[in-house]
Amino acid sequence: MKKFVQLATGLFLALGSAAIVAYAIAHLAQHSLGFPRSILREQALICAAILFGLVTIEFLASREK
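Below or above, wherever it landed, is the structure these notes cover. Bear in mind the structure is a predicted one, so any value in this text is a computation, not a measurement.

What counts, and where the lines are drawn
- Residues numbered from 1 in each chain as written.
- Predicted model: local features only at pLDDT ≥ 70, side-chain atom pairs only at ≥ 80, totals over all residues.
- Heavy atoms only, no water.
- 1 Å grid on protein atoms, 1.4 Å probe; cavity = no way out; pocket = protein on both sides within 12 Å on 5 of 7 lines; lining within 4 Å.
- Points joined across faces, edges and corners; volume = space filled by probe spheres on them.
- Helix = DSSP H or I, 4+ residues; strand = E, 2+ residues; numbered from the N terminus.
- Nonpolar A, V, L, I, M, F, W, Y, C, P; charged D, E, K, R; others polar.
- Patch = residues over 30% accessible without salt bridge, like charges linked within 9 Å, V, L, I, M, F, W, Y side chains within 5 Å.
- Areas by Shrake-Rupley, 256 points an atom, 1.4 Å probe, with all protein chains shown as cover.
- Salt bridge = Lys/Arg side-chain N within 4 Å of Asp/Glu carboxyl O.
- Buried < 20%, exposed > 50% of the residue type's maximum accessible area, 1.4 Å probe, protein only.

1. Things to note about the layout of surface pockets
Unoccupied space between atoms shows up once a probe the size of one water molecule is rolled over them.
Thinking step 1. Estimates place the volume of the largest pocket at around 690 Å³.
Thinking step 2. If you go around the largest pocket, you meet 23 residues; those closest to its centre are Ala-18, Ala-19, Ala-22, Tyr-23 and Ala-44.
Thinking step 3. Those elements that provide at least two residues to the lining of the largest pocket are helix H1 (2-31) and helix H2 (37-64).
Thinking step 4. When residues of the lining of the largest pocket are assigned to their parent elements, the largest contribution, 12 residues, is made by H2.
Thinking step 5. Of the residues assigned to the lining of the largest pocket, the class counts are 16 nonpolar, 5 polar and 2 charged.

The following block contains the structure:
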């Protein structure tokens, strides 16, 4: 149970940090570099899908040990 709590806490902190960094980068790209929101939204969804797959693989691999 303790390992699950550590995993959940780590995942929560990683997702929170990633959200903050993503917001900062999107703000910089939109306001400083002039990228339209639609392009940023599409790329964000693709990156989120890739990260979801990687986190799922890591979670399933760690449960097999």
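2. Here we look at a nonpolar patch on the surface
Thinking step 1. On the surface, Ile-46, Ile-50, Leu-51, Leu-54 and Ile-57 cluster together into a nonpolar patch covering about 500 Å² of accessible area.
Thinking step 2. If you trace the backbone, Ile-46 turns up in helix H2.
Thinking step 3. On the basis of relative accessibility, which here comes to 42%, the residue Ile-46 falls in the partly exposed class.

The analysis is restricted to geometry; functional conclusions fall outside its scope.
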